[in-house]
Amino acid sequence: MDEERALYIVRAGEAGAIERVLRDYSDKHRATFKFESTDEDKRKKLCEGIFKVLLKDIPTTCQVSCLEVLRILSRDKKVLVPVTTKENMQILLRLAKLNESDDSLEKVSEFPVIVESLKCLCNIVFNSQMAQQLSLELNLAAKLCNLLRKCKDRKFINDIKCFDLRLLFVLSLLHTDIRSQLRYELQGLPLLTQILESAFSIKWTDEYESAIDRNGPPLSPQETDCAIEALKALFNVTVDSWKVHKEGDSHQFRVMAAVLRHCLLIVGPTEDKTEELHSNAVNLLSNVPVSCLDVLICPLTHEETAPEATTLDELPSDKTAEKETVLKNNTMVYNGMNMEAIHVLLSFMEKRIDKGSSYREGLTPVLSLLTECSRAHRNIRKFLKDQVLPPLRDVTNRPEVGSTVRNKLVRLMTHVDLGVKQIAAEFLFVLCKERVDSLLKYTGYGNAAGLLAARGLLAGGRGDNWYSEDEDTDTEEYKNAKPNASIGKSREITLHPVDPRPTVKNVSGFRLMHQGNL
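Once a new chain begins, its residue numbering starts again from 1 and follows that chain's sequence as written. Local features are withheld for residues below a pLDDT of 70 in this predicted model, meaning they are given only at 70 or higher, and side-chain atom pairs are given and counted only at 80 or more; totals for whole chains, interfaces and linings count all residues. Excluded from the side-chain calculations are hydrogens and water; all other atoms, namely the structure's heavy atoms, are used.

### Focus on the overall build of the protein
Okay, so step 1: Counting from the N terminus, the helices are DSSP H or I runs at least four residues long and the strands are E runs at least two residues long. In terms of helices and strands, the protein carries 26 helices and five strands.
Okay, so step 2: Only protein chains enter the area calculation, which uses a 1.4 Å probe; residues under 20% of their type maximum are buried, those over 50% are exposed, and those in between are partly exposed. Looking at the 518 residues of the protein, the share that counts as buried comes to 55%.
Okay, so step 3: Between two residues, a contact is recorded if the distance between any of their heavy atoms is within 4.5 Å. Taking contacts inside the protein between residues at least 6 apart in sequence as the whole, the part at least 24 apart equals 77%.
Okay, so step 4: Residue exposure ignores everything except the shown protein chains as possible cover, and the areas themselves are Shrake-Rupley values with a 1.4 Å probe. Of the roughly 23,300 Å² of accessible surface on the protein, a fraction of 49% belongs to carbon and sulfur atoms.

### Considering the pattern of salt bridges
When the charged atoms of two side chains with opposite charge come close together, those side chains can pair.
Okay, so step 1: What counts as a salt bridge is simple: a side-chain nitrogen of Lys or Arg found within 4 Å of a carboxyl oxygen of Asp or Glu. Tallied over the entire structure, the rule returns 29 salt bridges.
Okay, so step 2: With a shortest N-O distance of 2.4 Å, arginine 214 and glutamate 340 are connected by a salt bridge. Of this pair, arginine 214 sits in the loop between β2 (209-210) and α13 (221-237) while glutamate 340 sits in helix α17 (residues 340-355), placing them 126 residues apart in sequence.
Okay, so step 3: Its relative accessible area of 16% is what places glutamate 340 among the buried residues.
Okay, so step 4: Taking the shortest distance from any N to any O, the salt bridge between glutamate 350 and lysine 408 comes out at 2.8 Å. Residue glutamate 350 is found in helix α17, and its partner lysine 408 is found in helix α21 (residues 405-412); the two are separated by 58 residues along the sequence.
Okay, so step 5: A relative accessible area of 23% places glutamate 350 in the partly exposed class.
Okay, so step 6: Put simply, Glu372, Arg375, Glu426, Glu434 and Arg455 are held in one network by salt bridges that share partners.

### A word on the confidence of the model for the protein
Okay, so step 1: What pLDDT conveys is the predictor's confidence in a given residue, as a value from 0 to 100. Per-chain confidence: the protein averages 85 in pLDDT, with 81% of residues scoring 70 or above.
Okay, so step 2: Element-level pLDDT for the protein is lowest in helix α26 (residues 509-513), with a mean of 45, against a maximum mean of 97 in helix α15 (residues 271-285).
Okay, so step 3: In this model residues 485-514 is a low-confidence stretch, pLDDT under 50, and it forms 73 contacts with partners more than four residues away in sequence or in other chains.

### Regarding the sheet that holds strand β5 (residues 337-338)
Okay, so step 1: Two strands make a pair as long as DSSP finds a minimum of two bridges between them. The strand order across the open sheet formed by three strands is β3-β5-β4, and the pairing between neighbours is antiparallel. A single partner strand is all that each edge strand has here, and the edge strands are β3 (298-299) and β4 (333-334).
Okay, so step 2: With two bridges connecting them, β4 and β5 associate as antiparallel partners. Within β5, the position partnered with tyrosine 334 by the bridge is methionine 337.

### Quick word on the state of the cysteines
The bond known as a disulfide is covalent and runs between the sulfur atoms of two cysteines.
Okay, so step 1: What counts as a disulfide here is a pair of cysteine sulfur atoms lying within 2.5 Å. On inspection of all chains with the given rule, the structure shows zero disulfides.
Okay, so step 2: Residue cysteine 122 stays outside any disulfide, its sulfur separated by 8.8 Å from that of cysteine 162, the closest cysteine.

### What about unusual backbone geometry?
Okay, so step 1: One non-glycine residue, glutamine 187, lies in positive phi territory at about 55 degrees.
Okay, so step 2: Among the secondary structure elements, glutamine 187 is positioned in the loop between α11 (176-185) and α12 (188-200).
Okay, so step 3: According to the relative accessible area criterion, glutamine 187 is partly exposed, its value standing at 42%.
Okay, so step 4: Unlike most non-glycine residues, asparagine 335 shows phi in positive territory, near 55 degrees.
Okay, so step 5: On the secondary structure map, asparagine 335 appears in the loop between β4 and β5.
Okay, so step 6: In this structure asparagine 335 comes out as partly exposed when scored by relative accessible area, which is 32%.

### Some details on the environment of isoleucine 195
Okay, so step 1: Position of isoleucine 195 among the secondary structure elements: in helix α12.
Okay, so step 2: Along the sequence, isoleucine 195 and leucine 165 sit 30 residues apart, while their C-alpha atoms lie 9.6 Å from each other.

### Quick word on the nonpolar core
Okay, so step 1: Residue types Ala, Val, Leu, Ile, Met, Phe, Trp, Tyr and Cys, when buried and joined through side-chain atoms within 4.5 Å, form a set referred to as a nonpolar core. Leu118, Phe200, Met349 and Leu409 are the most contacted members of the largest nonpolar core, which has 154 residues in total.
Okay, so step 2: Per-element tally for this core: the top contributor is helix α7 (residues 111-127), with ten residues.
Okay, so step 3: If near-sequence neighbours (up to four positions away) are discounted, phenylalanine 200 is found in contact with Leu219, Ala227, Val259, His262, Cys263, Ile266 and Leu277.

### Things to note about the packing of aromatic side chains
The relative placement of two aromatic rings is captured by the distance of their centres and the angle of their planes.
Okay, so step 1: Aromatic pairs are defined between Phe, Tyr and Trp rings, using the six-membered ring for Trp, whenever the two ring centres lie within 6.5 Å; interplanar angles under 30 degrees are classed as stacked, those over 60 as edge-to-face, and all others as tilted. In this structure the tally under the stated criterion is zero aromatic pairs.
Okay, so step 2: Directly above the aromatic system of phenylalanine 33 lies the positively charged group of arginine 75, at a separation of 4.0 Å from the ring centroid.
Okay, so step 3: Think of it as a cone above the ring: NZ of Lys or CZ of Arg counts as a charge over the ring if it is within 6 Å of the ring centre and within 35 degrees of the ring normal. Geometry around phenylalanine 169 places lysine 232 over its ring, the cationic atom sitting 5.1 Å from the centre.

### Things to note about the environment of cysteine 226
Okay, so step 1: Tracing the sequence through the fold places cysteine 226 in helix α13.
Okay, so step 2: Counting along the chain gives 64 residues from cysteine 226 to cysteine 162, while the straight-line C-alpha distance between them is 4.6 Å.

### Brief notes about the side chain of glutamate 426
Okay, so step 1: Secondary-structure assignment places glutamate 426 in helix α22 (residues 418-431).
Okay, so step 2: A polar contact is formed between the side chain of glutamate 426 and the side chain of arginine 375, at a distance of 2.4 Å. Polar contacts, as used here, are pairs of N or O atoms within 3.5 Å; protein pairs need one atom able to donate a hydrogen and one able to accept it. Residues neighboring in sequence count only if both atoms are side-chain atoms.

And the structure:
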């Protein structure tokens, strides 16, 4: 009945009446995502009628009402079949200021029309294969990048940037060819990185170091949403970037990694938004070549090298108690390097473990990232070793019993999900410099058996990678208990044929999307 009344007035053609009836329809169906099949034909005709109205010279407020209803109707895939034409797509491109002839964004009154047009395009492209093909024909990705360049430094049009980025994400998710076009032809990597810089208001103090205002306000909701969409789009653009072949590529990835370090050290308007922001940053960091992740840590500034910032490695090897005190009082410093970003990643990992669910999607990306960072960068590995596997003093309880990060990770080594148990074991193995005796000391034989069997190391030895030699960190408690200890050996051992070198990479864009229709 609503569609029939709206269709009658839309066909009548009086702008004021059209605006009123469509506003009423929009208010009533704003939260509608499932539609009755009996009214399908009427909704198709209403869509066609709205496109005809949008061709006319009508007030901006009427355009917005038309687009709001069109966005609601475009949630229904069946309705889009007859209305997804090149002509109708071009109408939306024109209203969204995506035509290359539109040189500026000066009329603030047009911003709501641009935003609603972009929202419509998001739904239509997401739901219609024909629209996806037309997007390629109309070179929509290039038009979206052009619009981003017009507004990348203008904070008062965050909504335009946000939905431009979301549409870019949807396109690059659905078409692998567009990922390549964005990366190379359209220079999407530096463009999207600059969008992030703008959202975070980054001020560079060195080539790959930014100033962190620890007393500053959190990101606004609009800035946070814009940053999240940019992170998701960048994920698709860089999803195949495992190796760096050119010096210019290395520089771009280091700049992006430095921006992501800044991202990890700031907060959003709410705790949930901060976690979503950091989660997307972790996903994107997993695409960065590991050789470029060295910028996640940086030398201490003059202010940070105050006497209280004593580093752990300044203490001799026999001063384990003093080391633990320093570590407790100053968990952000190691070997003269600022480890704040790594500490944030470690805290993020522990929170995901504590959630107790969705380990495959929520936990494995950050565990994989920390593993690769530890394998490639000595300072990061040593810092994480001190945080996760401090000198062993409790030799009476089994390794999986307790509430420390070590205890939690050891429990994951026997998790039912094979991918989760693999990457948890691999992380601890790398922290132990792939030495079997060191791993067994912290995890016990039963917990480590799966990894050791996969590596052919059940009889002992070490992995293939080379690590520097460290001093002995055995505590007196462990040395005294070692001759009589059989840590973890009573656990039942179940072996599975597994890939000896698990790599976890979140390549599913749909898992990053968190939403479908708008």
